[in-house]
Amino acid sequence: YGDEASEKKRKDQEDKAMTSTQGSLGIRVTGARLYNGSGLHLFGNKYKNEPSDEEEMRVALRAFFAPPEVLAQVRKFVDEMVAVFEKQEELAFYGSPPPFSFDT
């Protein structure tokens, strides 16, 4: 929701978050396509197949990060982001993590 959202909209969104892995784990898959030898497996569809608990999230993340080239890309990205945040002196995040999106 945006800054101008009504109190009802804010409450509805916060309630939804608390019933998802965002509430229990602090992370939520909101869209992903995972391919394997037996076909396409979807995780994080907005309306269905979203990992709903810690174990399903673990399975989805392991599958996504399994290919060595993806893992190498993520490690490079994280290293670059850490370097940026270590040097950054003008901006601080309070109460929420910085938003990240990763696409291969």
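Residues numbered from 1 in each chain as written. Predicted model: local features only at pLDDT ≥ 70, side-chain atom pairs only at ≥ 80, totals over all residues. Heavy atoms only, no water.

## Here's the deal with the pattern of salt bridges
Note that side chains of opposite charge can pair when their charged atoms are close. Put simply, the rule reads: By definition here, a salt bridge exists when the distance from a side-chain nitrogen of Lys or Arg to a carboxyl oxygen of Asp or Glu is within 4 Å. Numbering of helices and strands runs from the N terminus, with a helix taken as a DSSP run of H or I at least four residues long and a strand as a DSSP run of E at least two residues long. Each residue is assigned to one of three classes by its accessible area relative to the maximum for its type, calculated with a 1.4 Å probe on protein chains only: buried under 20%, partly exposed between the two thresholds, exposed over 50%.
Summed over all chains, the structure comprises 5 salt bridges. Close ionic contact of Asp15 with Lys11 constitutes a salt bridge, the shortest N to O distance being 3.1 Å. Note that Asp15 and Lys11 are positioned in helix H1 (residues 7–18) at a spacing of 4 residues, about one turn of the helix. The exposure class of Asp15 is partly exposed, given its relative accessible area of 36%.

## A closer look at the confidence of the model for the protein chain
Inclusion rule: pLDDT gives the predictor's per-residue confidence on a scale running from 0 to 100.
A residue-level look at the protein chain finds 69% of positions with pLDDT of 70 or above and a mean pLDDT of 77. For the protein chain, the element scoring lowest by mean pLDDT is strand E2 (residues 39–43), at 63; helix H4 (residues 68–87) scores highest, at 88.

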